[in-house]
Structure formats: structure tokens, C-alpha cells
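Letter by letter, the chains look like this.
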Amino acid sequence: MAPWGYEKDNGPAHWHKDCPIANGKNQSPIDLINGEVKYDSGLKPLTAKYVPFSDAKFLNNGHSVQFQPSAGNGSELTGGPLAVKYNFEQFHFHWGNNDTEGSEHRVDGKMYPAELHFVHWNSTNPSFKDAVGSGGPNGLAVLGFFLKVGAENAALKPITDLIPKVKDAGTSVTVPSNFDMQAILPATLTDYYTYDGSLTTPPLAECVKWIVFKQPLEVSAAQMEAFRSVINRDGKPMGGNYRPPCPLHDRAVKTSFK
Ligand SMILES: CN(C)c1nnc([C@H](N)S(N)(=O)=O)s1
Ligand SMILES: [Zn+2]
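Please read all numbers here as calculations on a predicted model, not as lab measurements.

Calculation criteria
Residues numbered from 1 in each chain as written. Chains lettered and ligands numbered in written order. Predicted model: local features only at pLDDT ≥ 70, side-chain atom pairs only at ≥ 80, totals over all residues. Heavy atoms only, no water. Helix = DSSP H or I, 4+ residues; strand = E, 2+ residues; numbered from the N terminus. Buried < 20%, exposed > 50% of the residue type's maximum accessible area, 1.4 Å probe, protein only. Pairing = 2+ DSSP bridges. Near = heavy atom within 4 Å. Polar contact = N/O pair within 3.5 Å; in protein donor to acceptor, adjacent residues only side chain to side chain. Areas by Shrake-Rupley, 256 points an atom, 1.4 Å probe, with all protein chains shown as cover. 1 Å grid on protein atoms, 1.4 Å probe; cavity = no way out; pocket = protein on both sides within 12 Å on 5 of 7 lines; lining within 4 Å. Sits in = over half its atoms within 2 Å of the grid points. UniProt positions renumbered as here; feature names shortened; annotations may be inferred. Phe/Tyr/Trp six-rings, centres within 6.5 Å; stacked < 30°, edge-to-face > 60°. Donors = N, O, S within 2.8 Å, 3.2 Å for Na, K, Ca; no water. Tetrahedral: all angles 85-135°; square planar, octahedral: opposite > 155°, others 65-115°. Contact = heavy atoms within 4.5 Å.

Participant: Account for unusual backbone geometry, with residues named and values stated.
Facilitator: In this structure, P29 follows S28 across a cis peptide bond, with omega equal to 0 degrees. With respect to the helices and strands, P29 occurs in the segment before strand 1 (31-32). A positive phi angle is found at D108, which is not glycine, with a value near 50 degrees. If you trace the backbone, D108 turns up in the loop between strand 8 (106-107) and strand 9 (114-122). Notably, L204 is not glycine yet its phi reads approximately 60 degrees, a positive angle. When its relative accessible area of 0% is taken as the criterion, L204 is described as buried.

Structure representation (C-alpha cells):
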């Protein structure tokens, strides 16, 4: 099979051939249906402590654009549904070719123009790779933030300003060490959906505690257009790099809000 992607000949409908877990019972993303979620008063806010990275790259990996430090630096996530500390690994984006599509998760069937994922791994594992392979839904914790078009996002501007330098697949650029990742996050990480799921791209491992925030972040139309200028490994616009929703099966989606 051609390397996986989002085109007709290598998109999500083909992924099961190399990754049979694609048809598993704990796949992501899902449609977050408010009439079917269950409020859990035990779900407290999350705490993310992100330390500025001195040598992180921003890269085009052919299917997304990704902020990737070269090594851990003590940036971590705790609280909420998490029983232990999770180490920050990377963040990346999914987006569409117009404002009516682009996010991976949906809310009552509605897609947002984009979705930002902060990927973390369970620190009781020796490495990220071990966490992915650890089995069960506690290997990774991924924070999902919907992006909607509005005011310019000043915290993401240092990243979206780098997009022209990673237009082509396989290119990367060093991120200035004064980039403040913490500033991307809302002041309090309170209102979220959480459920047990998977990576949304191959290998589609069912190792993820998903935490998707109710309140979208805003980015400007110009910032959205920057994403839409990125080219994928097939030489086409990368927009549309989102997997459609998967069946919930007998999973519960809990919320930290009523
Ligand atoms: C190996 N890593 C970090 C990832 N593998 N798949 C990822 C997906 N893009 S997502 N959307 O985070 O599940 S992230
Ligand atoms: Zn993702």
C-alpha cells in the first residue's frame, strides 16, 4: 500500500489494510454528542506546566505540521482524569480546505475549521514508544483544542509565522527559544470531554486518554490560510488531514462540565 495519507487511494478507508486495529472498538476521533455524554463531578481541572524549549523544531512530516522538541525538559501534564504525570512529546494540527471542515472530533456533528493536539506520554514508561505500546488507554494523554476563525492568536503566531518555511513535506525549522508554549493554553483547563480512544493516524494504537476542550481557541483568517498553504507528501494542499469520526461502541464520554 502507498504510504498512508488522506487522498482517495491512501486515506482513512484504506488504513485497516496495514493497521487492522482501524476497525477496533476504541478508535478516535469520535462525534461528541452532548445528549449522550455523562457529567462526572470527580473530573477536576488539568495542570499543564510547559517549560520553554531551547532546541525544538517545527516540521512538515507530510501529513501534519508539528512542534517537536529534541528531548524532554520537564514539561508535563497532571490532574483531570489522569492518575499519574504525563511528559509532553509534541503538538500538531489538523485542518480543512475551508471553514466548514477540518477538526477530527466533532460536537453534535459540527466540525471546526481545525484542531490542535498536544501529545503527552505516561511517565511510568521508560520512553514515548513504550507508552504507545503499553496497552490500554493510559499510555498517552492528548489534549484537543478546537480552532475557530476570529481574532489573531498571538500565542500561536510564532508558530504560524514559521509555516512558510515548512511548506514542503520533509522540511523543518528551528523554533526560537523564547517561544512560550504555555501561552497557547487557556488560563484554566476546566471544561472538557474525556474518553478512551486511539491515535487518529497509523498505527492507530488504542492507547490514548483523549481530553477535548469545550471552548475553542481563536485564530485569524490569515492564520488559517497559512495552514492551507502547506503541501503534503503527494505535492497537494495538506488541508483535509483529518480522520472521520469512528463508532463509539460501548464507550462512555465523560464531561467535567454540566
Ligand atoms: C507518534 N505520535 C506522537 C503520534 N502518532 N499519531 C498521532 C496522531 N497525529 S494523533 N492525532 O495525535 O493521534 S501523534
Ligand atoms: Zn492529531
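Participant: Any details on the pairing of strand 3 (residues 46-49)? Residues and values, ideally.
Facilitator: Looking along a regular strand, one sees side chains alternate from face to face of the sheet. On strand 3, burial follows the alternation: L46 and A48 on one face are buried, whereas T47 and K49 on the facing-out side are not. In the sheet, strand 3 pairs with strand 6 (residues 76-79) via 4 bridges, with the strands oriented antiparallel. Among the inter-strand pairings, T47 is bridged to a residue of strand 6, identified as T78.

Participant: So what's going on with the site of ligand 1? Which residues, and what values?
Facilitator: What surrounds ligand 1 is the set Q90, H92, H94, E104, H117, V119, F128, L199, T200, T201 and W210. One of the side-chain nitrogen or oxygen atoms of H94 is found 3.3 Å away from a nitrogen atom of ligand 1. T200 places a polar side-chain atom, nitrogen or oxygen, 2.7 Å from a nitrogen atom of ligand 1. For ligand 1, whose unbound accessible area comes to 370 Å², protein coverage reaches 84%. The pocket occupied by ligand 1, as judged from atoms lying within 2 Å of grid points, is the largest pocket.

Participant: How would you sum up the UniProt feature "domain: Alpha-carbonic anhydrase" (unreviewed entry) in the chain? Please name residues and give values.
Facilitator: Per the UniProt record, "domain: Alpha-carbonic anhydrase" (unreviewed entry) is annotated on residues 2-257. Summarising residues 2-257: 7% helix, 28% strand, and an end-to-end C-alpha distance of 43 Å.

Participant: Account for the packing of aromatic side chains, naming residues and giving values.
Facilitator: The relative placement of two aromatic rings is captured by the distance of their centres and the angle of their planes. The final tally for this structure, using the stated rule, is 21 aromatic pairs. Ring geometry for F67 against F88: centres 6.3 Å apart, planes inclined by 45 degrees, an arrangement best described as tilted. Note that F67 is positioned in strand 5 (residues 65-68) and F88 in strand 7 (residues 86-95), a separation of 21 residues in sequence. Here the two residues F67 and F88 agree in accessibility, since each one is buried. Between the aromatic rings of F93 and F227, the centroid separation amounts to 4.7 Å while the plane-to-plane angle is 45 degrees, which identifies the pairing as tilted. On the criterion of sequence distance, the pair formed by F93 in strand 7 and F227 in helix 3 (residues 221-228) is long-range, its members being 134 residues apart. Since its relative accessible area comes to 1%, F93 is described here as buried.

Participant: Residue-level account of the coordination of the zinc ion (ligand 2), with values.
Facilitator: Tetrahedral coordination by four donors puts the ideal angle at the metal at 109.5 degrees, and octahedral coordination by six puts it at 90 or 180 degrees. Within the protein, the zinc ion (ligand 2) binds to H92 (NE2), H94 (NE2) and H117 (ND1); these donor distances fall in the range 2.0 to 2.1 Å. If you look at the zinc ion (ligand 2), its 4 donor atoms make angles of 98 to 119 degrees with each other, and the shape they trace is tetrahedral. One chain supplies every donor to the zinc ion (ligand 2), and in sequence these donors are spaced H-x1-H-x22-H. With H94 in strand 7 and H117 in strand 9, the pair connects residues that are 23 residues apart, well separated along the chain. Classification of H94 by relative accessible area gives buried; the value is 2%.

Participant: Describe helix 3, naming the residues involved and giving the relevant values.
Facilitator: When we look at burial in helix 3, the residues that qualify are Q223, M224, A226, F227 and R228. Looking at the buried side of helix 3, the elements it contacts are strand 5, strand 7, strand 9, strand 10 (140-149), helix 2 (157-160) and strand 14 (217-219).

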